[in-house]
Amino acid sequence: MYFAQLGLDIGIKTMESTANIYGIKLGDPSEIRNNPKLLAQASYGMADVKVSPLAMAQVASTIANDGVLATSSIVRGLSRESRTIINANEALRIAAAMNQVVKENGTASQLDDNIAGKTGTANVTKNKLYNSNFIGFSSYNRTLPRIAFAVMIPGVSLFGAKGAGPIADDIVKAWDNR
């Protein structure tokens, strides 16, 4: 798993400081620091990670924007300055890994192959219901203007690729055909 290894490689300090930029909460960093399994799980959004869909769309946008977190605003007139979060080469490497998700053996291979994405499935109940998640961006190959997205469907019996993935695919198609 690419993202689990990435988390182990960068460590808890870098993960925590980057998560803080986006408002992602990692639970107890000292517990994660002392447990490589929890560190790996936190790297792909499991363990005790709390995050909003907007924050995940911003993460995808940063990767799409060659490592630069672009100025964004929910309320007109309020914004942050753009800043580099990761170097462009790392962003390209992560984007390539995200694009593999929609390739022939990827977990979301039924989606448009110009998407770079990450599926996610959070177990939320004992009744086998999940939060079905899919984040990413398109156009991976830069043939069209890019859009970043995050789709979360709470309390369903579908994994990320089958629940949120098709909705993300529809968003990309609507964007491409606007």
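A brief structural summary. (Residues numbered from 1 in each chain as written. Predicted model: local features only at pLDDT ≥ 70, side-chain atom pairs only at ≥ 80, totals over all residues. Heavy atoms only, no water.)

Residue position: T14 is located in helix 1 (residues 2–22). With relative accessibility at 38%, the residue T14 sits in the partly exposed group. (Helix = DSSP H or I, 4+ residues; strand = E, 2+ residues; numbered from the N terminus. Buried < 20%, exposed > 50% of the residue type's maximum accessible area, 1.4 Å probe, protein only.)

On to the pattern of salt bridges. Oppositely charged side chains can form a pair if their charged atoms are brought close together. Taken as a whole, this structure holds four salt bridges when the rule is applied. A salt bridge links R142 to D66, with the nearest nitrogen and oxygen atoms 2.5 Å apart. Within this pair, whereas R142 is found in the loop between strand 4 (130–138) and strand 5 (147–156), its partner D66 is found in the loop between helix 4 (53–64) and strand 1 (68–69), the two being separated by 76 residues in sequence. Assessed through its relative accessible area of 26%, D66 is described here as partly exposed. (Salt bridge = Lys/Arg side-chain N within 4 Å of Asp/Glu carboxyl O.)

So, on to the packing of aromatic side chains. Enumeration according to the criterion identifies two aromatic pairs in this entry. Between the aromatic rings of Y130 and F159, the centroid separation amounts to 5.2 Å while the plane-to-plane angle is 45°, which identifies the pairing as tilted. Note that Y130 is positioned in strand 4 and F159 in the loop between strand 5 and helix 6 (164–176), a separation of 29 residues in sequence. Owing to a relative accessible area of 16%, Y130 belongs among the buried residues under this scheme. Here R178 stacks its cationic end above the ring of W175, 3.7 Å away from the centre of that ring. (Phe/Tyr/Trp six-rings, centres within 6.5 Å; stacked < 30°, edge-to-face > 60°. Lys NZ or Arg CZ within 6 Å of the ring centre and 35° of its normal.)

The linkage connecting S138 with the following residue, S139, adopts the cis geometry, with an omega of 10°. Along the chain, S139 falls in the loop between strand 4 and strand 5. Phi at D66 takes a positive value of approximately 55°, unusual for a residue other than glycine.

The residue S43 is located in helix 3 (residues 36–43) in this model. A distance of 2.8 Å separates a polar atom in the side chain of S43 from the backbone oxygen of L39. Setting aside chain neighbours within four positions, we find S43 in contact with F3, A4, G7, L8 and M15. (Polar contact = N/O pair within 3.5 Å; in protein donor to acceptor, adjacent residues only side chain to side chain. Contact = heavy atoms within 4.5 Å.)

For the rest of this paragraph, the subject is the sheet that holds strand 5. With respect to topology, three strands assemble into an open sheet ordered 3-4-5, the strand pairing being antiparallel. Each end of this open sheet is capped by a strand with a single partner; those strands are strand 3 (115–123) and strand 5. Taken over all neighbouring pairs, the strand axes of this sheet differ in orientation by 10° on average, direction set aside. Summarising the sheet, strand 3 and strand 4 pair through nine bridges and their orientation is antiparallel. The residue bridging A122 from the neighbouring strand is N131, located in strand 4. Relative to strand 5, helix 6 is tilted by about 150°, and along the sheet it contacts strand 3, strand 4 and strand 5. (Pairing = 2+ DSSP bridges. Axes fitted to C-alpha atoms, helices over the stretch in contact; angles between N-to-C directions.)

The subject of this paragraph is the nonpolar core. Ranked by size, the top nonpolar core spans 13 residues in total, and within it I24, L26 and I32 carry the most contacts. Here this core gets four residues from one element, more than from any other, and that element is helix 1. When residues no more than four places from it in sequence are discounted, the contact partners of L26 are I12, M15, E16, A19, I32, D48 and V49. V101, L111, I115 and V151 belong to the second-largest nonpolar core, a separate cluster that totals 12 residues. (Core = buried A, V, L, I, M, F, W, Y, C linked by side-chain atoms within 4.5 Å.)

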